[in-house]
Amino acid sequence: MDSTLDVVLRLVAVLVVFLVLPLVVGQTEHKVMAHMQGRLGPMYAGGFHGWAQLVADGVKFAQKEDVVPAAADRRVFQLAPAVALLPYLLVLIAIPVGPHGFVGEAVDAGLFFVLAVMGVGVLGSLMAGWASANKFSLLGGVRTAAQLMAYEVPMLLTAASVAMAAGTVSLPGILDAFHWWWIPWQIVGGLVFFTAGLAELQRPPFDMPVADSEIIFGAYTEYTGLRFALFLLAEYAGIVVLCALTAVLFLGGWHGPMSGSLGWLWTLVKTGLLAFVVIWLRVSYPRLREDQLQKLAWTILIPLSLAQIALTGVVKVVIS
Amino acid sequence: MNLAAAHPGFLSPTGVEVAFVLVGLATLGAALLTVTTRQLVHAALWLVVALGGLAVEYLLLTAEFIAWVQVLIYVGSVVVLLLFGLMLTKAPIGRSPDADSGNRWVALAVAVAAAGTLVWVVVDAFRTTWIDLGGPAQGSTEVTGAILFRHWVLPFEALSVLLLAALVGAIVLSKRTGRER
Amino acid sequence: MHLAYPAVLAVLLFCVGLYGVLARRNAILVLMSVELMLNAVNLNLVAFDVWLRDTLHAGQALTLFTITIAAAEIGIGLAIVLLVHRNRGTSDVDQLTDLADTGTEPGPVHFGGPGSASIAPGTDNPDETTADQALPARGQTA
Amino acid sequence: MTLTTLAVLVPLLPFLGAVAGLLLGRTAPGFVRPLAVLPTLLAFALAVTVAVRQGTGPATDAGTRLTPTGSVPVDLAVHLDGFSVLIAVLVTLVASCVQIYSTGYLRDDPRYSSYAALVSLFTAAMLLVVYSGDLMVLLVGWEVMGICSYFLVGHYWETPEARAASLKAFLVTKLGDVPFLIGIFALGADAGTFRINGVLTAAASGQLHHPTLIALLLLGGVAGKSAQFPLHTWLPDAMAGPTPVSALIHAATMVAAGIYFVARLLPVFELSSAALAVLAAMAAVTMIGSALSALAQDDIKRVLAYSTIGQLGYMAGALAVGNRSAAVFHLLTHGAFKALLFLAAGVVIHAAGTNSLATMSRMRDLRSRVPDAMWTMAVALAALAALPPFSGFFSKESVLRAAEYAAEGHQAHVPSAVGWTVLVAGLLTALLTAAYATRLFLLAGSPPQTRRARQQRDGETSVPAPTDNHFRTPVVMNAVLWLLAIPALALGVTAGKLPQWFDGTSLAPTLATSVLGVGLALVGVLVTYAAWRHTETRANRVPIGAVVAPDSVEPAATEAAAIAAHPQVYGDIAGAPDPADPGRLLLGPLHRYAVHGFGLDVLYSKAFVRPVLAAAGLVRFLDREVVETYVRTAGGVPRLLGLLVRRAQTGNVQTYLSVLLGGSVVLAVLAVLVASGA
């Protein structure tokens, strides 16, 4: 029974993290963007600097009417937010936070598992785009699919580079094999991975699929209320997952001073910093055009990631 | 399955077996829906379910690596491509009355005949065969990687050439020449 | 675990895919059915690999190869289907009967199916689909 | 240059001229006339040189063998003797005259370049025949002449007559050429060589085993080319060609070739008295029949054509009695006056705008408008009628003398019956010849005073001749006429010299035949004149409308129009229903048969054309209905089977797959059942 209780506890912990961290990132985004743009951002909800703004938003979303367009494919339309959200929840399970089994569930092919499941998340966008019976949504869906196809490859390749370096695809295993000099060694791969991840999440500057000024909000045009909130949640959960993964794979995860006891803190700090970078990029860069987007993936990121793999292989052979 | 289960050789199905049968039934149902539903996109989504179910079956058969590859390639890429194709070919929302061709009954006859024959043969042949799932995992990443790059390197490389050819082919096929528009 | 379970499941999946290949009209649906058949084979391979405890892991290696080939196949197949759709305005398999030997007969001979003799592409698609595609389809096949 | 080289150059020059003319005709029209005239003139000069240098000396022979043939060898050989060099002079002379005359006569013809080139080629081919010392080479020239005549006769191919005539000329001469070819092969096989000298040696030494067969076969070709009965029918129709072409064919080339050929190979023919008898009979029938036909013709050129046939009959007759000197002598004089006749007739036709004698007889001033043509034509007609002292008298007398000689049994190899046949026919023909020559002259150029008197008496019933100012006969044409009048008038004086060039037999006229021949000719002239005076009065009652040449139309167009208009005006290409025609009176009931050559064409049509057409119809029926049925059935059964199989070919891939997989399942079940021993 101990093991059962252990599993349940771990799952609950993961669920809590899943519910809290995206909100934190969201609130941070509000405030960081505001300050970068020379304004204050939400200030009233909850009193202190509007800390409860997102809670209020959630309440507002929950109160709104759940509209399903008449021409829409009802079931798919309703199912889409869940499909978009669940994979990130699953991924969180496999991400190690600290040493010594401080992880939801140690999966043998963890890296593989994480990437595979993250790939499923995009299905939600596709379903939403198609089922809305709206040409903007459909365009958004098609763009999503094209973008996913393009950026999945460099992401997998750079992840493979790390796996090669570590000699394992298990996430805790990778962290166990980590040395500080991996950071300069894998820095190119890290940048590529992070960039590709941003594109998969359709975050600015890769938010072509949801470009509000062109196709309203892409696949999410027709969504209201709670389902829309779930999509937003999925996006922020995605940010968390991506940042955590980048931290684990390329920045050493829980490695740091006093990692034995404060490992989880290091992970969180690194994740937070990366999340800040994500927000920062959103404010700093204009949106890419669709062809620029594809060109970036196929002519820059993929060659870079291949170069990274080559470098990894060479170094690996040299030091072994 | 019932026919097989009724055989005296089958005693006390294990937990894995129960899970396998249940997931298998779900997979089969999803597959059936995939080939019978009249809503094109639903077919793709049911296919996701069927493929995911198969991934679970792989997991149950201790082929963990293949399971994740299945999820990564099939669910993450192939189905996305299929949906992409459906959207580009303007798949309608709702039922398409012409989703099935006039061949339906011939096809059904052939499929049922094939199913009957194969099930009969397979059950007849492997009625009492037992898979020992204990011991070292048959399909862990380490094992798979080791054999793949030790014994199967040549086919693996050949396959990479094939993939490259497919990539080039797909690009050539989808490239619009100037005179088309 | 009994080997019969995965084997029978594979057989049934294969036959379901078979039915889909033979009965589906939309080319993309046919491709999906082909995927089902491939997966049935994969399941068989994995199951027998596990049963035999093959030291070479031939079954699993072959499964990986099959998956790779399936990915290539779906890429090429979709490219072809999209090309056909672009040129003809339809992706219905049973309307791609250019190789039919019509001879002096008034029309192609079909195995049953009252709707199969219609010439207009995508009979029940939304209006704009048929209207958009019919003209270029005629123009380019003529 | 050696004699041989000169002789080779003679045919070569017109040939090169023809090639150059054909090549340059379109691109450089300015070169066409020089290219047509100059090589021929040069060839004439060379031929004269060759004749002078060869002289009366022994025959010159030269030859080269290009390549072994494997059996009977073929040589590029030249044979020069008195016959060949003199005939070559005649050929080149006539050809030059025709070429010069054509520059005026066809001056505006759009197809002049090809016409001139073909005339040159024609000349070259004839010269090849004349000079050749090898039968195969001779055959080449022989056949080239055939194809050239086809093209030249069909020069006015816009008219159906010309098309029909060219085809007829080609087919009829080819009909003779087939046995001719076989005869040459037989001759070569028997003699073991194609060299004429070798053949003659073989003939002298008795090596020829089938002389009669060979001679008869060769006679077929001779009859075709030289227009002897029964293969003469193409010649009158060949009048549909331009007049200069007629002059060339009749005087020097085509028809002379047959006579020349027999003259060359006369020893071979002498081996067979049967062949000589056949030749004599052929000549006799040809002479009399053609003379009668000539008397009935309305078309001036057809009269001349029949006269040619008759004169060729004389030559054939001379050959039949074994005297080739006489034959070739007549060939020479005939060439001169017949060329003159045709060329003059061309001028007359153009001036009158018609070729109908009936119409010409009703024209005022025709004679005064083309005086040169009329005078020269009178000379030529006198020669034709064999009136002394014109050239025709001497040559014809030499023929009659030879016939008499043979009739008395003095000529070796020749039966006296042959001699008698030729003699009687020749004398009878002399009478008829004089008659039709007189008729022609009276109708075409009757004395002006009688016409004028008649006009004053009857008012304007006659056809107004075209006004004077529209056409001047070109000087070159008149010059040619007078040039040719000289030999026509005076060639007879050579009768004393020629035997040295030929075989040596005397060609001088003897008293008996001269008196007989001239007497008969005079009778013919007088009777015809009387008949004409008798019938002339009827002309007033029967005015005949005619095509009148419009102003400033060039001669060639006039002639084409005349040929085309004649049947439409008179309903017949040969005759005209003219009661003023003395020939009608003289011939009486024979007239209607003579007009159409005694119905030989109809006979041919019944005897050969219709059976052939019927056979063709039968073959067509068999092919269409019987063979086609088999073919159609053979095609139809697979098609039916294909229709059945085709139903499976729906183009639907899924159907195919369904059937394929269904079959696989059945096979699998069977395999399992067999394996499990069920």
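As recorded in an unreviewed UniProt entry, chain B goes by the name NADH-quinone oxidoreductase subunit J, listed as coming from Streptantibioticus parmotrematis. The Catalytic activity (unreviewed entry) comment attached to chain B in UniProt states, word for word, "a quinone + NADH + 5 H(+)(in) = a quinol + NAD(+) + 4 H(+)(out)".

Where an unreviewed UniProt entry is consulted, chain A appears under the name NADH-quinone oxidoreductase subunit H, with the organism given as Streptantibioticus parmotrematis. Database annotation for chain A, UniProt heading Sequence similarities (unreviewed entry): "Belongs to the complex I subunit 1 family." Taken directly from UniProt, the Subunit (unreviewed entry) text for chain A runs: "NDH-1 is composed of 14 different subunits. Subunits NuoA, H, J, K, L, M, N constitute the membrane sector of the complex."

Undergrad: So what exactly am I meant to see when it comes to the overall build of chain B here?
TA: Looking only at helices and strands, one finds seven helices and zero strands in chain B. Walking chain B from its N terminus toward its C terminus, one meets helices and strands in the order α-α-α-α-α-α-α. A burial count over chain B gives 47% of its 181 residues as buried. Within chain B, residue pairs in contact and separated by at least 24 positions form 69% of the contacts whose partners lie at least 6 positions apart. Of the roughly 8400 Å² of accessible surface on chain B, 71% is carried by carbon and sulfur atoms.

Undergrad: Help me understand the overall build of chain A, please; the structure alone is not making it clear to me.
TA: Within chain A, the secondary structure is distributed over twelve helices and two strands. In chain A, the succession of helices and strands from N to C terminus is α-α-α-β-β-α-α-α-α-α-α-α-α-α. Put simply, 78% of the contacts in chain A that link residues at least 6 apart link residues at least 24 apart. Counting every atom, chain A has about 13900 Å² of accessible surface; 72% of that belongs to carbon and sulfur.

Undergrad: Looking at this structure, how should I read helix H2 (residues 32-54) of chain D?
TA: Note: α-helices contain 3.6 residues per turn, so residues at a spacing of three or four share the same orientation. Residues and elements named next belong to chain D. Between its terminal C-alpha atoms H2 stretches 33 Å, which fits the 33 Å expected from 23 residues at 1.5 Å a residue. Of all the residues in H2, the buried ones are Val32, Ala36, Val37, Pro39, Thr40, Ala43, Leu46, Ala47, Val50, Ala51 and Gln54. Residues of H2 that are buried sit in contact with helix H1 (3-24), strand S1 (60-64), strand S2 (76-80), helix H3 (82-105), helix H4 (112-131) and helix H23 (498-501). Once H2 finishes, glycine 55 follows within two positions and takes phi at roughly 60 degrees, a positive value.

Undergrad: Would you explain the pairing of S2(D) in this entry?
TA: Look at any regular strand and the pattern is simple: side chains alternate between the two faces of the sheet. Residues and elements named next belong to chain D. A large share of S2 lies buried, amounting to four of its five residues. Inspection of the sheet shows S1 paired to S2 by five bridges, in the antiparallel sense. Across the sheet, the residue bridging to aspartate 61 is histidine 79, located in S2.

Undergrad: I tried to follow the environment of D:Leu400 on my own but got confused; where do I start?
TA: Residue and element names in this part refer to chain D. Along the chain, leucine 400 falls in helix H19 (residues 391-407). Separated by 26 residues in the primary sequence, leucine 400 and glycine 426 have C-alpha atoms spaced 6.8 Å apart. Among residues more than four places away in sequence, those in contact with leucine 400 are Tyr314, Leu423, Gly426, Leu427 and Thr513.

Undergrad: Any chance you could explain empty space enclosed by the protein here in plain terms?
TA: Vacant regions in the atomic arrangement are exposed by a probe of water-molecule size rolled over the atoms. All names here are of chain A. With the rule as written, the count across this model stands at eleven cavities of 30 Å³ or more. Estimates place the volume of the largest cavity at around 250 Å³. Around the largest cavity, the lining comprises 16 residues; the ones closest to its centre are Tyr88, Ser125, Leu201, Gln202 and Tyr220. Secondary structure elements with two or more residues in the lining of the largest cavity: helix H3 (74-94), helix H4 (110-131) and helix H10 (225-250).

Undergrad: I tried to follow the interface of chain B and chain C on my own but got confused; where do I start?
TA: Put simply, an interface is often sized by how much accessible area is lost when its parts join up. At the junction of the two partners, chain B supplies 93 residues and chain C supplies 81 residues. Around 8100 Å² of area is buried between chain B and chain C when both sides are counted, 75% of it from carbon and sulfur atoms. Applying the counting rule to chain B against chain C returns zero salt bridges. Here chain B and chain C share five residue pairs in polar contact (both at pLDDT 80 or more) between them. Looking at the side of chain B that touches chain C, the elements that each hand over two or more residues are helix H2 (15-36), helix H3 (40-60), helix H4 (64-88), helix H5 (104-126), helix H6 (141-150) and helix H7 (153-174) of chain B. The class makeup of the residues in the side of chain B that touches chain C is 60 nonpolar, 21 polar and twelve charged.

Undergrad: I'm lost on the UniProt feature "transmembrane region" (unreviewed entry) in chain B in this one. Help?
TA: Residues and elements named next belong to chain B. The sites that carry the UniProt feature "transmembrane region" (unreviewed entry) are, in the present numbering, residues 18-36, 43-61, 67-93, 105-123 and 152-173. Between the C-alpha atoms that bound residues 43-61 the distance is 27 Å, and the span itself is 95% helix and 0% strand. In residues 67-93, helix accounts for 81% and strand for 0%; the two terminal C-alpha atoms are 32 Å from one another.

Undergrad: Looking at this structure, I do not really get the nonpolar core. What am I missing?
TA: In a soluble, globular protein the nonpolar side chains are often hidden away together inside. Residues and elements named next belong to chain D. In terms of nonpolar packing, the biggest core is built from 207 residues, with Tyr131, Trp234 and Leu265 touching the most fellow members. Residue contributions to this core peak at 19 residues, all from helix H15 (residues 324-352). Contacts of tyrosine 131, omitting those with residues within four sequence positions, involve Ala7, Val10, Pro11, Ala47, Val50, Ala77, Val78, His79, Leu80, Ser84, Val85 and Ala88.

Undergrad: Looking at this model, I keep getting lost on the interface of chain D and chain B. Mind explaining?
TA: At the interface, ten residues of chain D touch nine residues of chain B. Between chain D and chain B, a total of about 680 Å² is buried, with carbon and sulfur atoms accounting for 73% of that surface. Its largest share of buried area at the contact with chain B, chain D owes to D:Ser658, D:Val665 and D:Val672, together 53% of the area lost on that side. Across the chain D-chain B interface, the total number found is zero salt bridges. There are zero residue pairs in polar contact (both at pLDDT 80 or more) connecting chain D and chain B.

Undergrad: Before we go on, may I ask you to explain the UniProt feature "transmembrane region" (unreviewed entry) in chain A in this structure?
TA: Cross-referencing UniProt, the feature "transmembrane region" (unreviewed entry) maps to residues 7-26, 79-97, 109-132, 153-175, 181-199, 228-251, 263-284 and 296-319 of chain A in the present numbering. For residues 79-97 of chain A, helix accounts for 84% and strand for 11%, while the C-alpha atoms at its two ends are 31 Å apart.

Undergrad: Sorry, what's going on with the confidence of the model for chain A here?
TA: Fine structural detail should not be taken from predicted coordinates in areas where pLDDT scores are low. Per-residue pLDDT for chain A averages 82, and the proportion of residues at 70 or more is 98%. Here strand S2 (residues 102-103) of chain A stands out as the element of chain A with the lowest mean pLDDT, 69, in contrast to helix H8 (residues 187-200) of chain A, whose mean of 88 is the highest.

Undergrad: Sorry, what's going on with the packing of helix H11 (residues 254-264) of chain D against helix H14 (residues 300-320) of chain D here?
TA: Residue and element names in this part refer to chain D. Contact pair H11 / H14: the axes reach a minimum separation of 10 Å and the direction vectors enclose 5 degrees. Judged by the angle between their axes, H11 and H14 are roughly parallel. Across from Val255, Ile259, Val262 and Ala263 in H11, the residues of H14 making contact are Thr308, Leu312, Met315, Ala316 and Leu319.

Undergrad: Sorry, what's going on with the packing of aromatic side chains here?
TA: The relative placement of two aromatic rings is captured by the distance of their centres and the angle of their planes. All chains considered together, the criterion is met by 24 aromatic pairs over all chains. Geometrically, the ring pair formed by A:Trp182 and A:Trp185 is edge-to-face, given 5.9 Å between the ring centres and 80 degrees between the ring planes. You can see A:Trp182 and its partner A:Trp185 sitting in helix H7 (residues 182-185), three residues apart, about one turn around the helix. Relative accessible area serves as the criterion here: at 3%, A:Trp182 is assigned to the buried category. Judged by centre distance (5.2 Å) and plane angle (75 degrees), the rings of D:Phe393 and D:Phe394 are edge-to-face. A single burial state applies to D:Phe393 and to D:Phe394, both of which are buried. An aromatic cluster is built from A:Phe77, A:Tyr220, A:Tyr223 and A:Phe231, whose rings are joined through pairwise contacts. One residue, A:Lys60, lies across the ring of A:Phe61, its end atom 5.1 Å from the ring centre. It is D:Arg33 that lies over the ring of D:Tyr112; its NZ or CZ is 4.8 Å from the centre.

Undergrad: Before we go on, may I ask you to explain unusual backbone geometry in this structure?
TA: In terms of backbone geometry, most residues other than glycine have negative phi values and most peptide bonds are trans. Each neighbour pair has its own omega, and for A:Pro204 with A:Pro205 the value is 0 degrees, a cis peptide bond. With a phi angle near 65 degrees, B:Thr62 is a residue other than glycine that sits in the positive phi range. Its place among the elements puts B:Thr62 in the loop between H3 and H4.

Undergrad: Quick question: what am I supposed to make of the layout of surface pockets here?
TA: Taken as a whole, the second largest pocket encloses approximately 800 Å³ of empty space. Around the second largest pocket, the lining comprises 27 residues; the ones closest to its centre are A:Val83, A:Val120, A:Leu123, B:Val48 and B:Val49. Counting only elements with at least two residues in the lining of the second largest pocket, the list comes to H3 and H4 of chain A together with H3 and H4 of chain B. Per-class residue counts for the lining of the second largest pocket are 24 nonpolar, two polar and one charged.

Here is what the cut-offs are and how they apply
Residues numbered from 1 in each chain as written. Chains lettered and ligands numbered in written order. Predicted model: local features only at pLDDT ≥ 70, side-chain atom pairs only at ≥ 80, totals over all residues. Heavy atoms only, no water. UniProt positions renumbered as here; feature names shortened; annotations may be inferred. Helix = DSSP H or I, 4+ residues; strand = E, 2+ residues; numbered from the N terminus. Buried < 20%, exposed > 50% of the residue type's maximum accessible area, 1.4 Å probe, protein only. Contact = heavy atoms within 4.5 Å. Areas by Shrake-Rupley, 256 points an atom, 1.4 Å probe, with all protein chains shown as cover. Expected span 1.5 Å × (residues − 1). Pairing = 2+ DSSP bridges. 1 Å grid on protein atoms, 1.4 Å probe; cavity = no way out; pocket = protein on both sides within 12 Å on 5 of 7 lines; lining within 4 Å. Points joined across faces, edges and corners; volume = space filled by probe spheres on them. Buried area = accessible area lost by both parts, 1.4 Å probe. Salt bridge = Lys/Arg side-chain N within 4 Å of Asp/Glu carboxyl O. Polar contact = N/O pair within 3.5 Å; in protein donor to acceptor, adjacent residues only side chain to side chain. Nonpolar A, V, L, I, M, F, W, Y, C, P; charged D, E, K, R; others polar. Core = buried A, V, L, I, M, F, W, Y, C linked by side-chain atoms within 4.5 Å. pLDDT = per-residue confidence, 0-100. Axes fitted to C-alpha atoms, helices over the stretch in contact; angles between N-to-C directions. Parallel < 35°, antiparallel > 145°, perpendicular 65-115°, else oblique. Phe/Tyr/Trp six-rings, centres within 6.5 Å; stacked < 30°, edge-to-face > 60°. Lys NZ or Arg CZ within 6 Å of the ring centre and 35° of its normal.

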